[in-house]
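# Summary of structural features
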Amino acid sequence: MTLTSFICTACGTEYTPSETPPPACLICDDERQYVPPSGQGWTTLDRLQRSHMPTFRDEHGLLGIGMSPAFAIGQRALLVRTPDGNILWDCISLVSDVTLELIRGIGGLKAIALSHPHYYTTMVAWSRAFGGIPVHLHAADREWVMRRDDYIAFWDGDTKEIAPGVTLIRAGGHYPGGTVLHWAAGGPDGGGALLSGDILQVAADRKHLGFMRSYPNFIPLGAAAVRAIRDRVAPYRFGSVYGAFWNAVVAQDGKAQVEKAVDRHIAWLDRPAD
Ligand SMILES: [Zn+2]
Ligand SMILES: [Zn+2]
């Protein structure tokens, strides 16, 4: 009996090893994602290593790690390099030898932290490749872990410091456990960085931030949820906001842009019909 860890081609999530592909992807069946018109598809890490290649680029001072051609949701991961070790923020499905070699060459990885289930992907394979480092996930999203592993470190509450000056903040919104990472010494000018995944979605103009329960299915968030996101990041100083996709970086005045975006979101919710 051969067991295979199947990976959903629509969201990139790797499942607990099984003989045959799971009957459906629970993450894609949820109202925040979707099954493509072509139907549910599956691949494996072994196949991805042959069909795709890793891509690397400097994203305003952080190392971005993506895939070519684009795969599943299309996010890129970010490597946070601190004097106390490197942290991988969010994951991509492709774990390749060249990526591991490159990361090991710059000090390896000490921990992995994830914003929300859409980027859990092959987090277990990433952890194991670095000797079983902790994968920090907010416990409120526990039900969305499709491959359980001893290295997954669930955290509770609203904040958790995972390294000096590196704090996970539960912002909620898109998912109850929706997490952002604050890096006090991060950003191009060292003025602090907020790594936001799509919990605060950096818009195409790289100034505005969007807040939704579902981006592909256009399910909005109400005023209370958006105010809570603002209040939870308010105690932290940051100049830049790093979203989930290539180029999605608010490079300056990030904190003021978050305030503005929250005000604008709420103003439109309250706006009378034209
Ligand atoms: Zn899926
Ligand atoms: Zn998402």
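Our structure's up above, just so we're on the same page.
This report concerns the structure included in the present document. (Residues numbered from 1 in each chain as written. Chains lettered and ligands numbered in written order. Predicted model: local features only at pLDDT ≥ 70, side-chain atom pairs only at ≥ 80, totals over all residues. Heavy atoms only, no water.)

### So, a positive patch on the surface
Taken together, the side chains of Arg 206, Lys 207, Lys 260 and Arg 264 present a region of like positive charge at the surface. Looking at Lys 207, the relative accessible area reads 51%, which means it is exposed. (Patch = residues over 30% accessible without salt bridge, like charges linked within 9 Å, V, L, I, M, F, W, Y side chains within 5 Å. Areas by Shrake-Rupley, 256 points an atom, 1.4 Å probe, with all protein chains shown as cover. Salt bridge = Lys/Arg side-chain N within 4 Å of Asp/Glu carboxyl O. Lys, Arg positive; Asp, Glu negative; His and termini not counted. Charge placed at Lys NZ, Arg CZ, Asp CG, Glu CD. Buried < 20%, exposed > 50% of the residue type's maximum accessible area, 1.4 Å probe, protein only.)

### Thoughts on the sheet that holds strand β7 (residues 111–113)
Strand pairing within a sheet occurs via backbone hydrogen bonds; the two strands may be parallel or antiparallel. Taken together, seven strands build an open sheet; the order of strands is β3-β4-β5-β6-β7-β8-β9 and the sheet is mixed. Pairing within the sheet leaves two strands with one partner each, and these edge strands are β3 (53–59) and β9 (152–155). This sheet shows a mean twist of 25° between the axes of neighbouring strands, independent of strand direction. Relative to β9, strand β8 (residues 135–138) is paired through four bridges, and the arrangement is parallel. (Pairing = 2+ DSSP bridges. Helix = DSSP H or I, 4+ residues; strand = E, 2+ residues; numbered from the N terminus. Axes fitted to C-alpha atoms, helices over the stretch in contact; angles between N-to-C directions.)

### Here's the deal with the coordination of the zinc ion (ligand 1)
At the metal site, the zinc ion (ligand 1) is ligated by Cys 8 (SG), Cys 11 (SG), Cys 25 (SG) and Cys 28 (SG), and these contacts range over 2.3 to 2.4 Å. Given four donor atoms and angles of 103 to 117° at the metal, the environment of the zinc ion (ligand 1) is assigned as tetrahedral. (Donors = N, O, S within 2.8 Å, 3.2 Å for Na, K, Ca; no water. Tetrahedral: all angles 85-135°; square planar, octahedral: opposite > 155°, others 65-115°.)

### Quick look at the coordination of the zinc ion (ligand 2)
Looking at the zinc ion (ligand 2), the protein donor atoms are His 116 (NE2), His 118 (ND1), His 174 (NE2) and Asp 198 (OD), and they sit 2.1 to 2.5 Å from it. With four donor atoms in place around the zinc ion (ligand 2) and angles of 94 to 152° between them, the coordination shape is irregular. Spacing between the donor residues of the zinc ion (ligand 2) along their common chain follows H-x1-H-x55-H-x23-D. Linking His 116 in the loop between β7 and α4 (123–129) with Asp 198 in the loop between β13 (193–197) and β14 (201–202), this pair joins segments that are 82 residues apart in sequence. The residues His 116 and Asp 198 share a single accessibility class, namely buried.

### So, empty space enclosed by the protein
Per the counting criterion, the structure on display carries one cavity of 30 Å³ or more. In this structure, the largest cavity spans a volume of roughly 50 Å³. Considering the residues around the largest cavity, the lining is formed by Thr 13, Glu 14, Tyr 120, Thr 121, Thr 122, Met 123, Val 124, Val 145, Met 146 and Arg 147. Here the residues of the lining of the largest cavity are counted per class, giving five nonpolar, three polar and two charged. (1 Å grid on protein atoms, 1.4 Å probe; cavity = no way out; pocket = protein on both sides within 12 Å on 5 of 7 lines; lining within 4 Å. Points joined across faces, edges and corners; volume = space filled by probe spheres on them. Nonpolar A, V, L, I, M, F, W, Y, C, P; charged D, E, K, R; others polar.)

### With respect to the side chain of Glu 59
Inspection of the secondary structure puts Glu 59 in strand β3. Classification of Glu 59 as buried rests on a relative accessible area of 2%. Among the polar contacts made by the side chain of Glu 59, one reaches the side chain of Arg 57 at a distance of 2.4 Å. A polar side-chain atom of Glu 59 sits 2.8 Å from a polar atom in the side chain of Arg 76. (Polar contact = N/O pair within 3.5 Å; in protein donor to acceptor, adjacent residues only side chain to side chain.)

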